[in-house]
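Now for the letters of each chain:
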Amino acid sequence: MRHAEHVMGTVVSIDLADDLPEPRLQQLIGDVCGWLHEVDGRFSTYREDSEVCRFRRQEIALDDCSPDLRLVLNACADLWRFTDGYFDAYAGGPLDPSGYVKGWSVEVASARLAEAGSVNHCISAGGDIRARGRTAAGAPWRVGIRHPWEADKLSWVLPVSDGAVATSGTYERGDHVTNPRTGGPARGLRSVTVTGPDLALADAYATAALAMGPPGITWLAKLTTDGYESAVVTDDGRAFTSPGLPTAV
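Residues numbered from 1 in each chain as written. Predicted model: local features only at pLDDT ≥ 70, side-chain atom pairs only at ≥ 80, totals over all residues. Heavy atoms only, no water.

### Digging into the packing of helix H1 (residues 22-43) against helix H3 (residues 67-82)
For clarity, the cut-off: An axis is simply a line fitted to the C-alpha atoms; with a helix, the fit covers only the stretch in contact. Between two such axes, the angle follows the N-to-C directions and lies from 0 to 180 degrees. Counting from the N terminus, the helices are DSSP H or I runs at least four residues long and the strands are E runs at least two residues long. For classification, angles of less than 35 degrees are called roughly parallel, those exceeding 145 degrees roughly antiparallel, those between 65 and 115 degrees roughly perpendicular, and all remaining angles oblique. The contact definition used throughout considers only heavy atoms, calling two residues in contact when any of these lie within 4.5 Å.
Two numbers describe how H1 lies on H3: the axes approach to 11 Å, and their chain directions differ by 70°. The angle between the axes of H1 and H3 places the two elements in the roughly perpendicular class. Mapping the contact onto sequence places Trp 35, Glu 38, Arg 42 and Phe 43 in H1 and Asp 68, Leu 69 and Val 72 in H3.

### Let's talk about the sheet that holds strand E2 (residues 10-16)
Sheet strands pair by backbone hydrogen bonding; their relative direction is either parallel or antiparallel. In plain terms, the rule: The pairing criterion is simple: DSSP has to find at least two bridges between the two strands.
In spatial order, the strands read E1-E2-E3-E4-E7-E8-E9-E10; together these eight strands make up an open sheet with antiparallel pairing. The outermost strands of the open sheet, each flanked by one partner alone, are strand E1 (2-7) and strand E10 (239-241). Taking the axes of each pair of neighbouring strands and ignoring which way they run, one obtains an average angle of 10° across the sheet. Pairing of strand E7 (residues 162-169) with strand E8 (residues 189-196), which is carried by six bridges, proceeds in the antiparallel orientation. Bridge assignment links Val 165 to a residue of E8, and that residue is Thr 195. Helix-sheet contacts for H1 involve E1 and E2, and the interaxial angle to E1 is about 15°. Of the strands in this sheet, strand E4 (128-132), E7 and E8 are in contact with helix H5 (residues 199-212), which crosses E7 at around 25°.

### Here's the deal with helix H4 (residues 98-115)
Since there are 3.6 residues in each turn of an α-helix, residues three or four apart along the chain are aligned in direction. Operational definition: Every helix has an expected span of 1.5 Å times one less than the residues it contains. Type-normalised accessible area, obtained with a 1.4 Å probe on protein chains alone, sets the label of each residue: buried when under 20%, exposed when over 50%, and partly exposed for intermediate values.
For H4, spanning 18 residues, the distance from its first C-alpha to its last is 26 Å, which sits close to the expected 26 Å at 1.5 Å a residue. Of the positions making up H4, those classed as buried are Tyr 100, Val 101, Lys 102, Gly 103, Trp 104, Ser 105, Val 106, Glu 107, Ala 109, Ser 110 and Leu 113.

### A look at the packing of aromatic side chains
In this description, a pair of aromatic rings is defined by centroid distance and the angle of the planes. Definition in use: Centre distance within 6.5 Å is the pairing criterion for rings of Phe, Tyr and Trp, where only the six-membered ring of Trp is used; planes under 30 degrees apart are then read as stacked, over 60 as edge-to-face, and the remainder as tilted.
A complete count under the given rule lists six aromatic pairs for this structure. Ring geometry for Trp 35 versus Trp 104: centroids 5.5 Å apart, planes at 70°, classification edge-to-face. Taken together, the positions of Trp 35 in helix H1 and Trp 104 in helix H4 put the pair 69 residues apart, joining distant regions of the chain. Residues Phe 82 and Tyr 205 carry aromatic rings whose centres are separated by 5.7 Å and whose planes lie at 35° to one another, so their mutual orientation is tilted. Taken together, the residues span a long stretch of sequence, with Phe 82 in helix H3 and Tyr 205 in helix H5 at a distance of 123 residues. Taking the relative accessible area as the measure of exposure, Tyr 205 reaches 6% and is therefore buried. Three or more aromatic residues link up through ring pairs in this structure, and these residues are Phe 82, Tyr 205, Trp 219 and Tyr 228.

### Structural notes on H1
Convention followed: By definition, the arc is the one covered by directions from the helix axis to the C-beta atoms.
Taking 1.5 Å as the rise per residue, H1 with 22 residues should run 32 Å; its terminal C-alpha atoms sit 32 Å apart, in good agreement. When we look at burial in H1, the residues that qualify are Leu 25, Leu 28, Ile 29, Val 32, Cys 33, Trp 35, Leu 36, Val 39, Asp 40 and Phe 43. Down the axis of H1, the buried set is contained in an arc of 155°. They therefore lie on one face.

### Quick word on the state of the cysteines
The criterion, for reference: Any two cysteine sulfur atoms within 2.5 Å of one another count as a disulfide.
Enumeration over the complete set of coordinates arrives at zero disulfides. Of all cysteine sulfurs, the one in Cys 53 lies closest to Cys 65, which takes part in no disulfide; the gap is 12 Å. On the accessibility criterion, Cys 65 (4% relative accessible area) is buried.

### A word on the nonpolar core
Here is the rule: In this text, buried Ala, Val, Leu, Ile, Met, Phe, Trp, Tyr and Cys residues form a nonpolar core when linked through side-chain atoms within 4.5 Å.
Counting 59 residues, the largest nonpolar core has Tyr 100, Trp 104 and Val 192 as its most contacted members. Sorting elements by how many residues they give to this core places H5 first, with eleven residues. Excluding anything up to four places from it in sequence, Tyr 100 contacts Val 72, Ala 75, Cys 76, Leu 79, Phe 87 and Ala 200. Listed in part, the 14 residues of the second largest apolar core include Ala 17, Val 143, Val 160 and Val 233.

What follows is the structure, encoded as structure tokens:
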């Protein structure tokens, strides 16, 4: 069963390949959509009544925030330290944890599906993908990485059976990632894709590497020991992949 939901400023595609009764599949999709809308309502920086906006305006104290918001803030702080400040939820000025929230929310949604009995599924949210198990045809999920200049072509196709794929780039949303060292837009890398076991981290790592520019390629190589592989296209058209990146034949 497939479903597309408009939420968090993008379209989230949900594909359940389990041999379960249709009413059960519909319920599972409804649960995922309900969770994603809950996240959007809490973390949207465009809704004045969201918890994030209220926290930014100091209308609520940290101790009074929801467990989810405190978890996200702690994760963003950990990532700021781990990336030497290149993943910065305050890079644009006010708090904006969006660079972590989308990947985290899809990772949680996938875990909840697995716990509820859906062990074969794929969730795609604007460049962030979490897949488990197999397609209805019994094959690994195939994730295409868009060519950063030619929208109708792919740079890579990755087979995924249990893992995450996150891509951050400048070719669709323009200069949306800031280099915190310069205060200006990130330069040097056109597209960064990170694969690994956790979508929240893969998404944050891709964003941080894009902010770093060319030095991000070397930084990404250090993550392979933790199970995170990468594929990068530079602004001048060069392509780099880590040795363990899975690619479809």
